[in-house]
Amino acid sequence: IPLVYFDNAATSQKPQVVIDAISKYYTTINANIHRGVHTLSQLATDAYEVPRQSIQRHINAKHTHEVLFTSGTTHGINLVASGFTQFLKPGDYVMVSAMEHHSNIVPWQMLCERTGANLHVIPMNEKGELIMEEFDKLISEKTKIVSVNHISNALGTINPIKYIIDKAHAVGAAVFIDGAQAAPHIRPDVQALDCDFYAFSGHKTCGPTGSGVLYGKEEWLEKLPPYQGGGEMIKEVTFEKTTYAGLPHKFEAGTPHIAGGIVLGTAIDYLNGVGFDNIAAYEHTLLEYGTQKLLEIDGMELVGTAAEKTSVISFNLKGIHPYDVGTLVDKMGIAVRTGHHCAQPVMNAFCIPGTIRASFAFYNTVEEIDALVTAVKKAQMMLS
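Here's what I pulled together on the structure shown here.

Procedures and definitions
Residues numbered from 1 in each chain as written. Predicted model: local features only at pLDDT ≥ 70, side-chain atom pairs only at ≥ 80, totals over all residues. Heavy atoms only, no water. 1 Å grid on protein atoms, 1.4 Å probe; cavity = no way out; pocket = protein on both sides within 12 Å on 5 of 7 lines; lining within 4 Å. Points joined across faces, edges and corners; volume = space filled by probe spheres on them. Nonpolar A, V, L, I, M, F, W, Y, C, P; charged D, E, K, R; others polar. Pairing = 2+ DSSP bridges. Helix = DSSP H or I, 4+ residues; strand = E, 2+ residues; numbered from the N terminus. Right-handed = clockwise from strand over helix to strand, strands pointing away. Axes fitted to C-alpha atoms, helices over the stretch in contact; angles between N-to-C directions. Buried < 20%, exposed > 50% of the residue type's maximum accessible area, 1.4 Å probe, protein only. Expected span 1.5 Å × (residues − 1). Contact = heavy atoms within 4.5 Å.

1. Quick look at empty space enclosed by the protein
Piece 1. Throughout the structure, instances matching the rule amount to one cavity of 30 Å³ or more.
Piece 2. In this model, the largest cavity occupies a volume close to 120 Å³.
Piece 3. If you trace the largest cavity, you find 18 residues lining it, with Asn8, Pro184, His185, Lys204 and Ala361 closest to the centre.
Piece 4. Residues of the lining of the largest cavity, tallied by class, amount to nine nonpolar, seven polar and two charged.

2. What about the pairing of strand β4 (residues 118-122)?
Piece 1. Pairing analysis gives five bridges linking strand β3 (residues 93-97) to β4, with the strands arranged parallel. Bridge pairing in β4 places valine 94 opposite leucine 119.
Piece 2. In this fold, the crossover linking β3 to β4 by way of helix α4 (residues 106-115) has right-handed handedness.

3. Focus: the sheet that holds strand β11 (residues 300-303)
By definition, the strands of a sheet pair up through backbone hydrogen bonds, in either a parallel or an antiparallel sense.
Piece 1. One open sheet accounts for four strands, arranged β11-β12-β15-β14; its pairing is antiparallel. Two strands bound the open sheet, and with one partner strand each, they are β11 and β14 (337-339). With direction set aside, neighbouring strand axes in the sheet form an average angle of 30°.
Piece 2. Of the strand pairs in this sheet, β14 and strand β15 (residues 355-359) are connected by three bridges, and their pairing is antiparallel. The residue bridging glycine 339 from the neighbouring strand is threonine 355, located in β15.

4. Thoughts on the pairing of β15
Piece 1. By the criterion of burial, β15 is predominantly enclosed, with five of the five residues buried.
Piece 2. Neither face of β15 is open: one carries Thr355, Arg357 and Ser359, the other Ile356 and Ala358, and all of them are buried.

5. A short note on helix α9 (residues 258-274)
Piece 1. Taking 1.5 Å of rise per residue, 17 residues should cover 24 Å, and α9 covers 25 Å from first to last C-alpha, within 8% of that figure.
Piece 2. Taken as a whole, α9 has its buried residues at Ile258, Ala259, Gly260, Gly261, Ile262, Val263, Leu264, Gly265, Ala267, Ile268 and Leu271.
Piece 3. If you follow the buried residues of α9, they end up packed against α1 (16-28), α2 (39-59), β2 (67-70), β7 (197-201), β8 (212-216) and α10 (276-295).

Shown next, in the form of structure tokens:
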């Protein structure tokens, strides 16, 4: 059976140019970086640092050293949440939204437990949109950091992050944007957004697993303490005192995922070659077509019907558990995700155990959507 891959929100497939770049690194310039004077080490170092510049241009960061390489979005969130320990006191507020991935909830809960701060949650409506009037009421001078996703992984909702950033800054709060789901679809302009932090993962943007980026404004990165101690992030070490390296190395302890950093640059260049306007337009066509076709099925219940959405359709069939549908369509060669998508509070808000999620990328087709619809109808017949 030919595979139809509709689990792009979990991870993307990799183009040949990315796979070739991984192989090329390991077969031609495999060496540890930054520390070696030998030629191979210098070649590897150059290959690792060039993507930092291309990612700076891609997200329109002001400085190259504002781009930190991480193992993924989760790493970036934990780095900042850990650093904020020294900026919070009991009674302060940390704010997230009702539609966050667990990765953008748990590190902030841990921060609140360490500091005595309280967690505020921006509620959402039945369409899966954040209720901005409630956000306006919740935000206050006591709010120290607001962390929201740019796009919901469970619902596909595109959040009004510029509004949130401006309102948060008006009360002196910092803003962290989880861009894990946005990066494959939207080219973020961090200066235009004026966010303080923006994180995304390589593996969702046609790059390798274990790679990612955390952007932070220079003034914030200077203030934050190092997240990990070790080699590479130091200036000088004695048993009496250690001084830390400048940005970005202060936050990049140990030998990094060198191939990951190099090839993340390859993946971002590839996506820019396809063109983000082209990607957005094509994926919107897939979203509209898929939504229309799935709604023709009796008993179809869409979960998340925001006016502003990216190419994710979460749905259930009346009276049937999502896991059962997912298992059967898999047997028919269709890969969809079922469950709570690491967003249990979202499912609780809709009073459901989970959803079937079809998430489309620019390499999917309308014919594949037809195959999904046929498979869902068959599964419904078998389970009714």
